[in-house]
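Now for the letters of each chain:
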Amino acid sequence: MNRELVEAARRGDRDAFEALVRGEVAGVYRTALAILGNAADAEEATQDAFLGAWRGFPSLRDPERFDAWLGRIVVNACRMTLRRRRGVREIALDADVAAAVVERATEASADPAAIAIDALTFDRAFESLSVDERQLLTLAYADDRPLEEVGRLLDIAVGTVKSRLSRARAALARGLERPTG
Amino acid sequence: MKELDEATIRANLRRRAGGGPDPARLDHLSLLIARRLQQDPAQSWSFRRLVLAVPLQLRVGLAAAVVLAVSLVAVPLAGGPRASVPPTTAVSTAASTLVPSAVQVLSLAELQRVAALGDREPYAHQVVVANVDVVPPPAEAIPGCIPGCPGSVAASSPRISVYKPAADDDILRWTIPDQGVAGPVIVRIRGVNSLELVGAATVDPDHSVAWSVPSFVRAADELPRTMELRSNQFSVGPAFVVDGKLALGPGIFCAFQTQSTDRIAEFACGAVGWLAPTEVADPSAIIDGWSTRPADWARLQNGSYQNYAHGDDSSASPSDGAAVRGFYVVFPVLKYNASMCFQCDAGAVGIVYARLEPIATP
């Protein structure tokens, strides 16, 4: 985080905010993509998040907490995106498409065996979690951040991070047990 | 419980996150954000900053004064369809900031009174919008009652049951997800304290339930289609309440039309329906003379005019095929086989499900 840019953006400096966007957009998009699972939704949520941040900057009291503040906005943007798309009927993957997804996943993975087994099942289970749980798992595992940093980003204590991670993993495991269809 | 090690979680989440970021995509995204910032009115930022600078108590006082002033103006003018009102009772998460519009949106208390008379006229079978949440059945009840186990209206007393629609066709395949359905919702009254869930009513960016036809067309265009993996798969989006004029187009006659039960057949040969913006004085005149369809109209399924324009009010029934203004529940069609969807070339394509009629609340 660049504190000077945050301060300037907070004062309404649009150029500073755009510079801030360029610095943060990769992380925000990546988080949104992991939470939402598709690029179009992630792009929409990323745009909404930054627009929300711009509009809401006056409410940021402590610039030091910009990361956590932006993280909450991203989660809310993802939540809104999910809400908007909730009525879109999902079409079950047929066997060919499922195979293609698994193949694509396998190619992209550093650990093909881990993914190929459960790519579709994992996604279904993951998408049954709350947006907060998805964010937590994404920060801790996809981004591989230390628990202390996750706690700072979410504005919670490390102990709370651990307990929430444990609950989120348990929920994910329960999701894997649910019948598909 | 399945074994779920950290490596599996990590690998799958990285797969979902798309591996390393694509610089071109991120540049494009930054550019889009910059454009939206430019379009964002600067005064809104300044205004918000100004508002936030005002002490909280003063803001609350000002808000109360504005509400009181609006009430003094609006109440004497009330009549006809009721204005939307936020729920007055503790309803979990239903939108509490709906902007009043001419669409009748029932509060929980109103829905309770209407649902209590749900087996008699004029309430039976009516489709209504209510600003309530729907919650799923208790988890422990699920194993014994699938399928058809009803959910309920949050905070209802007596309990109002919410069922999956009996007409389980291409459009209405709702189930109540674990997290429930956040209001406002569109429901059909099926009996005493018994409803069918048509769907969640999509709320527009200005927190209004009613969409104009052009805004509906834009919103439908922006709905994600990435979940559809088969290019010609017919699928629909969430329900919208659209304020528009339902118009009858010239019939499309096909000499060798084959019978089909597929939904897409409703967009081939037959009596074409159109939803035109309310500002259009005479949609029929435009339809009769156009060379290309207006892009801010919505193409509706064949027969929609005959089935929905008249509503239940015979006095409003057009005898000459004139367009009929109303609030229509419309599902945008997101994917269809273009070769079977005539005159779907521009603007939105939608399926009308119902025409909303204002009802007197007991």
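Residues numbered from 1 in each chain as written. Chains lettered and ligands numbered in written order. Predicted model: local features only at pLDDT ≥ 70, side-chain atom pairs only at ≥ 80, totals over all residues. Heavy atoms only, no water.

## Regarding the confidence of the model for chain A
Detailed conclusions should not be drawn from predicted coordinates in areas where pLDDT is low. Residues and elements named next belong to chain A. This is how it is decided: A score between 0 and 100, pLDDT records how confident the predictor is in each residue. The helix and strand labels rest on DSSP assignments: H or I over at least four residues marks a helix, E over at least two residues marks a strand, and numbering proceeds from the N terminus. Contacts are assigned to residue pairs with any non-hydrogen atoms lying within 4.5 Å of each other.
Averaged over every residue, the pLDDT of chain A is 76; the share at 70 or more is 78%. Helix α2 (residues 14-36) holds the highest mean pLDDT among the elements of chain A, 88, whereas helix α5 (residues 95-108) holds the lowest, 42. Low confidence marks residues 87-116, where pLDDT is under 50. Its contacts with residues over four positions away, or in another chain, come to 45 contacts.

## Thoughts on the pairing of strand β6 (residues 185-191) of chain B
Residue and element names in this part refer to chain B. Convention followed: Per-residue accessibility, obtained with a 1.4 Å probe over protein chains only, is compared with the maximum for each type, and a residue is labelled buried under 20%, exposed over 50%, and partly exposed between these values. If DSSP finds at least two bridges between two strands, the strands pair.
Most of β6 is tucked away, with five of its seven residues classed as buried. Across four bridges, the pairing between strand β2 (residues 127-130) and β6 is antiparallel. Paired with V128 across the strands is V187, a residue of β6. Pairing of β6 with strand β7 (residues 194-200), which is carried by six bridges, proceeds in the antiparallel orientation.

## A look at the sheet that holds β6 of chain B
Residue and element names in this part refer to chain B. Read across the sheet, seven strands follow the order β1-β2-β6-β7-β5-β4-β3 without closing on themselves; strand pairing throughout is mixed. The two strands at the open ends of the sheet, each matched to only one other strand, are β1 (105-106) and β3 (134-135). By the bridge criterion, two bridges tie β1 to β2 in an arrangement that is parallel. Residue pairing in the sheet places V105 in a bridge with V129 of β2.

## A short note on the nonpolar core
The line we're drawing: Only buried residues count toward a nonpolar core. Its members are Ala, Val, Leu, Ile, Met, Phe, Trp, Tyr and Cys residues joined through side-chain atoms within 4.5 Å.
Membership of the largest hydrophobic core comes to 35 residues, with the highest contact counts inside it found for F17, F50, F57, F66 and C78 of chain A. Among the secondary structure elements, those contributing two or more residues to this core are α1 (3-10), α2, α3 (39-56) and α4 (66-85) of chain A together with α2 (23-39) of chain B. The contacts of F50 of chain A, once residues within four sequence positions are left out, are F17, V21, E24, V25, V28 and L70 of chain A together with I33 of chain B.

## Focus on the packing of aromatic side chains
Put simply, the rule reads: Two aromatic rings, drawn from Phe, Tyr or Trp (for Trp, its six-membered ring), form a pair once their centres lie within 6.5 Å of each other, and the interplanar angle then sorts them: stacked below 30 degrees, edge-to-face above 60, tilted otherwise. Definition used: whenever NZ (Lys) or CZ (Arg) falls within 6 Å of the ring centre and also within 35 degrees of the ring normal, the charge is taken to sit over that ring.
Tallied over the entire structure, the rule returns 11 aromatic pairs over all chains. Relative to Y353 of chain B, the ring of F331 of chain B has its centre 6.2 Å away and its plane inclined at 90°; by these criteria the two rings are edge-to-face. Taken together, the positions of F331 of chain B in strand β13 (residues 324-335) and Y353 of chain B in strand β14 (residues 348-356) put the pair 22 residues apart, joining distant regions of the chain. What makes F331 of chain B buried here is its relative accessible area of 1%. Each member of the aromatic cluster is reached from another via a ring pair, and the members are F17, F50, W54, F57, F66 and W69 of chain A. Taking NZ or CZ as reference, R190 of chain B lies 3.9 Å from the ring centre of Y163 of chain B, over its face.

## Concerning the pairing of strand β10 (residues 240-252) of chain B
Residue and element names in this part refer to chain B. For strand β8 (residues 210-212) and β10, the ladder comprises three bridges, and the chain directions are parallel. Along β10, the bridge assignment pairs A210 with V241. With seven bridges connecting them, β10 and β13 associate as antiparallel partners. For V242, the partnering residue across the bridge sits in β13 and is Y328. In this sheet, strand β11 (residues 270-276) lies alongside β10 in antiparallel orientation, the contact comprising six bridges. The partner of G251 across the bridge, within β11, is A271.

## Quick word on the pattern of salt bridges
Residues and elements named next belong to chain A. What counts here: Any carboxyl oxygen of Asp or Glu within 4 Å of a side-chain nitrogen of Lys or Arg constitutes a salt bridge here.
Taken as a whole, this structure holds 12 salt bridges over all chains when the rule is applied. The salt bridge partner of E7 is R3, with a shortest N-O separation of 3.0 Å. Linking E7 with R3, this pair stays in helix α1, spanning four residues, or about one helical turn. On the accessibility criterion, R3 (35% relative accessible area) is partly exposed. A salt bridge links E149 to R145, with the shortest nitrogen-to-oxygen separation between them at 2.7 Å. Its relative accessible area of 24% is what places R145 among the partly exposed residues. When salt bridges with common partners are traced through the structure, they connect R3, E7, R10 and E64 into a single cluster.

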